[in-house]
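Breakdown of the fold
Chain by chain, the residues run as shown.
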Amino acid sequence: MQAIAKVILFGEHSVVYGKKALAIPIKELKLRVKKQEGKCYQDEHVEYIKGLVNLKGYLNVQSNIPISRGLGSSAALSIAIARLAGADEKIISTLAEKKAHGNPSGIDSAVISTEKALVFQKGRENIYIDKKIGAYLLIMDSGIQSSTKEAVENVKKLNRMDLIDELGDITEKAIGHFMHDNVYSLGTLMKKAQNILVKLKLSNEKIDRIVKKANYYSLGSKITGSGLGGCVISLFTSKKKANKLRKKIKKEGVVNSWIVSV
Ligand code: PMV
């Protein structure tokens, strides 16, 4: 059984406070899980999910979704195991994400389970977006593992609801521009969102350097997911332009990158 990755385009962190977020599935990155004959190492979180779905024996997990980089690897894991066990993937991933992240909004599970681009808001029906905007995204892995739990707790301690509101407003605008394929406006909003994520202390020196260089070549760039490391995304009008940055950004210590159409 398998599950895919996700990217949050707009609204990470503010989504925890009930604001909207916009996310897309990343089908190029996948996690596969199957039953394994004989023993093998079983990570603590895999054991926990196996317990939830009452699965015995060992599991073989193969994945090209980098772990703890904001691309939804933990939700993909719980969803793939739930699928293997024939369990309810929504219930299982909600429980597993709570164990892993404390107080998750549920956005990762929603996108990864449905494999659809969507507007997510806690306690509301998902709004699915069955369209593309004719743009390209370069996803750049900083190589720094980050803890979603820690990032969410740090934001809570900072208690800057003014910044959360700003992120919410940016996301509202971004959803409108996404619907109208306003790629340039989306790039500008990505830069604005990143400035706020920096104020929320979710960046670091390496991410700042990647974003600075990426902004030079792209329409806009920002952290995706919890921050404190993880991945940066940049928006482009063409694959060729995305490829140019892909080559240049290696110098900044990006360990892996992917180009996806949006
Ligand atoms: O787990 P990540 O890095 O994909 O982050 C999820 C996005 C947050 O808004 C930071 C947390 C959440 O639960 O929505």
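Note that this is a predicted model, so its numbers are computed, not measured.

Describing the site of the ligand
- With respect to spatial proximity, 15 residues lie near the ligand, and among them K6, H13, S105, T148 and S226 are the closest.
- H13 is positioned with one of its backbone polar atoms (N or O) 2.9 Å from an oxygen atom of the ligand.
- At 2.8 Å from an oxygen atom of the ligand is found a side-chain nitrogen or oxygen belonging to T148.
- Calculation on the ligand without its partners gives an accessible area of 380 Å², and the protein chains cover 95% of this total.
- Counting residues per element, the ones that place at least two in the shell around the ligand are strand 1 (2-10), helix 4 (107-114) and helix 5 (148-158).
- Residues belonging to the shell around the ligand are distributed by class as follows: six nonpolar, six polar and three charged.
- When residues of the shell around the ligand are assigned to domains, at least three fall in each of domain 1 (2-129) and domain 2 (136-261).

Points about the domain arrangement of the chain
- Its domain assignment divides the chain into domain 1 (2-129) and domain 2 (136-261).
- Taking only C-alpha atoms, the centre of domain 1 and the centre of domain 2 are 21 Å apart.
- Contacts between the two partners involve 30 residues from domain 1, matched on the other side by 42 residues from domain 2.
- When the two sides are added together, the surface that domain 1 and domain 2 hide from each other amounts to roughly 2900 Å², 70% of it contributed by carbon and sulfur.
- Three residues stand out in domain 1 for area buried against domain 2, namely F10, H13 and R69, and they jointly supply 26% of the buried area on that side.
- In this assembly, domain 1 and domain 2 are joined by four salt bridges.
- Across the pair R69 and D141 runs a salt bridge, and its minimum N-O distance is 2.5 Å.

Some remarks on the pattern of salt bridges
- A full pass over the atoms with the stated rule returns twelve salt bridges.
- Overlapping salt bridges, with partners in common, bring together R83, E89 and E115 in one network.

A few points about the nonpolar core
- Within the largest apolar cluster, 75 residues are counted, with the highest numbers of intra-cluster contacts made by L9 and F10.
- Here this core spans two domains, and each of domain 1 (2-129) and domain 2 (136-261) adds at least three residues to it.
- When neighbours within four sequence positions are excluded, F10 is seen to be in contact with A21, L22, I170, T171, A174, L186, L189, M190, A193 and K222.
- V15, V16, A23 and V111 belong to the second-largest nonpolar core, a separate cluster that totals eleven residues.

So, the UniProt feature "domain: GHMP kinase C-terminal" (unreviewed entry) in the chain
- Taking the numbering used here, the UniProt-annotated feature "domain: GHMP kinase C-terminal" (unreviewed entry) corresponds to residues 184-253.
- Overall, residues 184-253 shows 56% helix and 16% strand. The separation of its end C-alpha atoms is 27 Å.

Rules used throughout
Residues numbered from 1 in each chain as written. Predicted model: local features only at pLDDT ≥ 70, side-chain atom pairs only at ≥ 80, totals over all residues. Heavy atoms only, no water. Near = heavy atom within 4 Å. Polar contact = N/O pair within 3.5 Å; in protein donor to acceptor, adjacent residues only side chain to side chain. Areas by Shrake-Rupley, 256 points an atom, 1.4 Å probe, with all protein chains shown as cover. Helix = DSSP H or I, 4+ residues; strand = E, 2+ residues; numbered from the N terminus. Nonpolar A, V, L, I, M, F, W, Y, C, P; charged D, E, K, R; others polar. Domains from an automatic or database assignment. Contact = heavy atoms within 4.5 Å. Buried area = accessible area lost by both parts, 1.4 Å probe. Salt bridge = Lys/Arg side-chain N within 4 Å of Asp/Glu carboxyl O. Core = buried A, V, L, I, M, F, W, Y, C linked by side-chain atoms within 4.5 Å. Buried < 20%, exposed > 50% of the residue type's maximum accessible area, 1.4 Å probe, protein only. UniProt positions renumbered as here; feature names shortened; annotations may be inferred.

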